[in-house]
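Here are the chains, one letter per residue:
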Amino acid sequence: MAVSMGNYQLAMGMLFDSGSAPPRSIVVQSAAGGVGIALVQSAAAHGIQVIAVGGTEEKCAYIKSAGAHYVHLRGSGDLREAVQAITAGRGVDMVFDHIGGSGFVAQLDLLAARGTLLSYNVLQGIPQENMVAELRRRLDRSVAIRSYSIHVLDHDPVRRRELMQTVIDLLGESRIRPPMPQSFPLRSAQEAHRLLDGPALLGKIVLVP
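Residues numbered from 1 in each chain as written. Predicted model: local features only at pLDDT ≥ 70, side-chain atom pairs only at ≥ 80, totals over all residues. Heavy atoms only, no water.

Enquirer: How should the overall build of the protein be read in this particular structure?
Expert: On a plain count of helices and strands, the protein comes out with seven helices and eight strands. Radius of gyration (C-alpha) of the protein: 17 Å, near the 17 Å computed for a compact globule of 209 residues. Taken along its principal axes, the extent of the C-alpha atoms in the protein is 55 × 40 × 30 Å. For the protein, the exposed area adds up to about 10600 Å²; of that, 54% sits on carbon and sulfur atoms. Averaging the coordinates of the 20 positive side-chain charges in the protein and doing the same for the 18 negative ones gives two points 2 Å apart. (Helix = DSSP H or I, 4+ residues; strand = E, 2+ residues; numbered from the N terminus. Rg over C-alpha atoms; globule rule 2.2 N^0.38 Å. Areas by Shrake-Rupley, 256 points an atom, 1.4 Å probe, with all protein chains shown as cover. Lys, Arg positive; Asp, Glu negative; His and termini not counted. Charge placed at Lys NZ, Arg CZ, Asp CG, Glu CD.)

Listed below in structure tokens is the structure:
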């Protein structure tokens, strides 16, 4: 479990120490990964409504078992319509995305007024749209985009320690359940990287010397 603690610390930072107001509802993209599951469980433990997106039926079942309130299978329908139905037309307060690329901007339309689209990685590259223009296009809802890294706390060890202590407390109270990682011997690093780059990964990978 210790290998997953950093993911949960990152999740807590994004949820409660990113500069946005604590959310009442969120969307987590590609939620079957290590950070995605940490976001799902950390948010649910704090009473936040969680809508999570998975790429396969297996991943959706895995995400649901982790504690997501609603799970959307990517490609099975319009995500915006699903979010609007779940939130009674309000939208969510935050969307968490680590994919970037061509689908990034459309997620602004999942947000409630004054909501935040938070990017913590760009696996498919930097979006090409003019972000200021996209935000101005949605000025009636005053939505925002934020990039986040846990390294913003590198010079604030007290706050970083507080976030980790919260994770430890949640774990001790069984309010979060870090999934068991998939372990590979170091000699199988290539196999581990193939899994990491493919669509079948659930949770975290550990290489054992």
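Enquirer: What should I look at first to understand the packing of helix α1 (residues 5-16) against helix α2 (residues 34-45) in this one?
Expert: When two helices pack together, you describe them by how their axes are tilted relative to each other and by the distance separating the axes. Direction vectors running N to C along α1 and α2 enclose 60°, while the axes themselves pass 8 Å from each other. In terms of axis orientation, α1 runs oblique to α2. The two elements α1 and α2 cross, and the hand of that crossing is right-handed. Between α1, through N7, Y8, L10, A11, M12, M14 and L15, and α2, the contact on the second element is made entirely by G34, V35, I37, A38, L39, Q41, S42 and A43. Broken down by class, the residue content of the contact of α1 with α2 amounts to 11 nonpolar, four polar and no charged. (Axes fitted to C-alpha atoms, helices over the stretch in contact; angles between N-to-C directions. Parallel < 35°, antiparallel > 145°, perpendicular 65-115°, else oblique. Left-handed = near helix turned anticlockwise from the far one by under 90°. Contact = heavy atoms within 4.5 Å. Nonpolar A, V, L, I, M, F, W, Y, C, P; charged D, E, K, R; others polar.)

Enquirer: Sorry if this is basic, but what is going on with the environment of P179 here?
Expert: Among the structural elements, P179 can be located in the loop between α6 (157-172) and β7 (182-185). Linking P179 and S4, residues 175 residues apart in sequence, is a C-alpha distance of 8.1 Å. Aside from chain neighbours lying at most four places away, what touches P179 is S4, Y8, I37 and Y62.

Enquirer: So what exactly am I meant to see when it comes to the packing of α1 against α6 here?
Expert: Running from N to C, α1 and α6 point in directions that differ by 115°, and their axes come no closer than 9 Å. Here α6 runs roughly perpendicular to α1, going by the angle between their axes. The crossing of α1 and α6 is right-handed. Mapping the contact onto sequence places M5, G6, Y8, Q9, M12, G13 and F16 in α1 and R159, R160, L163, M164, T166, V167, I168, L170 and L171 in α6. Among the residues making up the contact of α1 with α6, the classes are represented as 10 nonpolar, four polar and two charged.

Enquirer: Got a minute to help me understand the pattern of salt bridges in this structure?
Expert: Side-chain pairing between opposite charges can occur once the charged atoms of the two side chains come close. One pass over the structure, following the stated rule, counts nine salt bridges. The salt bridge involving E134 is made with R138; its shortest N-O contact spans 2.8 Å. Grouping residues by exposure puts E134 and R138 together as buried. Notably, a salt bridge pairs R160 with D154, separated by 2.7 Å at the nearest N-O pair. Note on R160: relative accessible area 23%, which makes it partly exposed. Residue classification places D154 among the partly exposed positions, given a relative accessible area of 40%. Linked by salt bridges that have partners in common, D109, E134, R137, R138 and R141 make up one network. (Salt bridge = Lys/Arg side-chain N within 4 Å of Asp/Glu carboxyl O. Buried < 20%, exposed > 50% of the residue type's maximum accessible area, 1.4 Å probe, protein only.)

Enquirer: Would you mind showing me how to read helix α3 (residues 57-66) here?
Expert: In an α-helix, one turn spans 3.6 residues, which is why side chains three or four residues apart end up on the same side. Among all positions in α3, only K59, C60, Y62, I63 and A66 are buried. Buried residues of α3, seen end-on, are gathered within an arc of 160° and therefore sit on one face of the element. Facing away from the buried side of α3 by over 90 degrees, the exposed positions are E57 and E58. Two residues or fewer past α3, G67 is found with a positive phi of approximately 125°. (Arc of directions from axis to C-beta.)

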